[in-house]
Amino acid sequence: MSIGVITEPAFRLHQMGAHHPECPERLDAIQNRFISSRLDSVLLYFDAQEATREQLLAAHNAAYIDQVHALSPSEGLAWLDGDTAMNPHSLNAALLSAGAATQAVDLVMEGRVKQVFCMARPPGHHAERGRGMGFCIFNNVAIGAYHAINHWGLERVAIVDFDVHHGNGTEDIVAGDDRILFCSSFQHPYYPGSGADSNVANIINIPLPRLTDGAAFRDAVSERCIERIEDFAPQLIIISAGFDGHRDDDMAHFNLVEADYAWITRQLFQLATISGEARVVSCLEGGYELHALALSVEAHLRVFLGE
Ligand SMILES: [Zn+2]
């Protein structure tokens, strides 16, 4: 069976300045790797559609959604925070990136494909209910999860975030909602500084020190996350797929490699197969060293082919 990929030329028009690490070339690197590795032949491409206001409201408050629309510039850059800018195309890209997550949920729920990768930007996991930050405008994975719950009637959705940064935005939105289990592994102490002291039943945070390697990462995830997800029996697993913990990525200080991303993907794929008919939606978050990003995404997706 094919793997779905949702993407859109508009994702490349969102730019935050000449040397910003969250750049359109990230998607080019992934796309080029799909072609050169011939993974392309098993990918089924879909265009993204914009998220509706109703879908956004499941994860964000109206005042913030209005603020993003009001801030959208007709020229130049407007800044949501010190790291996160909008150019004239960013609002459209952000709506499409959030919409891609909901559309990915539709595709797996309709059974058209079992797994979908949202090759989208801006990323989303730092965006809180009422605040964008850390390169993120709307929280794509939370919007996808609530679409699965509100539109498809799912009762249990797991969100797993293996980006090197804590998914503070996702935690902010889903904390206390027992229909969602959120698991985030991240470098700590590090940006954004949250997550080490969360004490909410549906949140599993795994803070890990700098220089964490694959063995330590696998041990921590195995001990603290896998069984909890198995007990939760999610009907759908949504991945905040950030690859900035790669040893070649100098955005942070983990020493993960492609095989580690394949490992955690395999764990999640097995869990999804047990309880959720192998339904997995993966949304791109971080990953800034272009070569490592492209190879890691390839390794991540090849797991779904049984490789
Ligand atoms: Zn990150």
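Here goes a summary of the coordinates provided. Predicted, not measured: the structure shown is a model, and the values here were computed from it.

Right, let's get into the pairing of strand β3 (residues 78–81). Pairing of β3 with strand β4 (residues 84–86) involves three bridges; the strand directions are antiparallel. By the bridge assignment, W79 is partnered in β4 with A85. Where β3 hands over to β4, the hairpin turn is made up of two residues, counted between the paired strands.

The subject of this paragraph is the coordination of the zinc ion. Surrounding the zinc ion are the protein donor atoms D163 (OD), D163 (OD), H165 (ND1) and D244 (OD), which sit 2.0 to 2.7 Å from the metal. For the zinc ion, the four donor atoms in the first shell make angles of 53 to 151° at the metal, a pattern classed as irregular. For the zinc ion, the single-chain donor residues occur in sequence as D-x1-H-x78-D. Of the two residues, H165 is situated in the loop between β6 (157–161) and α6 (168–174) and D244 in the loop between β9 (236–241) and α8 (258–275); the sequence distance between them amounts to 79 residues.

With that settled, consider the packing of α8 against helix α9 (residues 290–302). Describing two packed helices takes the angle between their axes plus the distance from one axis to the other. Look at α8 against α9: their axes get within 8 Å of each other, and the N-to-C directions meet at 30°. Considered as vectors, α8 and α9 are oriented roughly parallel to each other. The handedness of the crossing between α8 and α9 comes out as right-handed. Here E258, Y261, A262 and T265 of α8 lie close against α9, whose contacting residues are L295, S296, A299 and H300. Here the contact of α8 with α9 is composed, by residue class, of four nonpolar, three polar and one charged.

Examined against the element boundaries, Q187 turns out to sit in strand β7 (residues 180–187). Look at Q187 and you get buried, because its relative accessible area is 2%. With 21 residues separating them along the chain, Q187 and H166 place their C-alpha atoms 7.4 Å apart. Those residues within four positions of Q187 in sequence are excluded, and the remaining contacts are V164, L208, R210, A252, H253 and F254. A distance of 2.8 Å separates a polar atom in the side chain of Q187 from the backbone nitrogen of H253.

This paragraph deals with helix α1 (residues 25–36). Between its terminal C-alpha atoms α1 stretches 16 Å, which fits the 16 Å expected from twelve residues at 1.5 Å a residue. Among the residues making up α1, those that are buried are R26, L27, A29, I30, Q31 and F34. In the core, the buried residues of α1 are packed alongside β1 (3–7), β2 (43–47), β5 (115–118), β10 (280–284) and α9. Two residues or fewer after α1 comes R38, characterised by a positive phi angle close to 65°.

Turning next to the side chain of N205. Along the chain, the position of N205 falls in strand β8 (residues 203–208). Only 3.0 Å separates the side chain of N205 from the backbone oxygen of G195, close enough to count as a polar contact. With residues near it in sequence (within four places) discarded, N205 still touches H166, E171, S184, F186, G195, S198 and R224.

Below, the discussion takes up the pairing of β6. The buried fraction of β6 amounts to five of the five residues, a majority that puts the element mostly inside the structure. Where burial is concerned, the two faces of β6 agree: the one with V157, I159 and D161 and the one with A158 and V160 are both buried. In this sheet, β7 lies alongside β6 in parallel orientation, the contact comprising five bridges. Each residue of the ladder has a partner; that of I159, found in β7, is F182. Each parallel crossover has a hand, and for β6 linked through α6 to β7 it is right-handed. Sheet topology places β6 next to β9; five bridges connect them, and they run parallel. When the bridges of β9 are listed, D161 appears paired with S240.

What counts and what doesn't
Residues numbered from 1 in each chain as written. Predicted model: local features only at pLDDT ≥ 70, side-chain atom pairs only at ≥ 80, totals over all residues. Heavy atoms only, no water. Pairing = 2+ DSSP bridges. Helix = DSSP H or I, 4+ residues; strand = E, 2+ residues; numbered from the N terminus. Donors = N, O, S within 2.8 Å, 3.2 Å for Na, K, Ca; no water. Tetrahedral: all angles 85-135°; square planar, octahedral: opposite > 155°, others 65-115°. Axes fitted to C-alpha atoms, helices over the stretch in contact; angles between N-to-C directions. Parallel < 35°, antiparallel > 145°, perpendicular 65-115°, else oblique. Left-handed = near helix turned anticlockwise from the far one by under 90°. Contact = heavy atoms within 4.5 Å. Nonpolar A, V, L, I, M, F, W, Y, C, P; charged D, E, K, R; others polar. Buried < 20%, exposed > 50% of the residue type's maximum accessible area, 1.4 Å probe, protein only. Polar contact = N/O pair within 3.5 Å; in protein donor to acceptor, adjacent residues only side chain to side chain. Expected span 1.5 Å × (residues − 1). Right-handed = clockwise from strand over helix to strand, strands pointing away.

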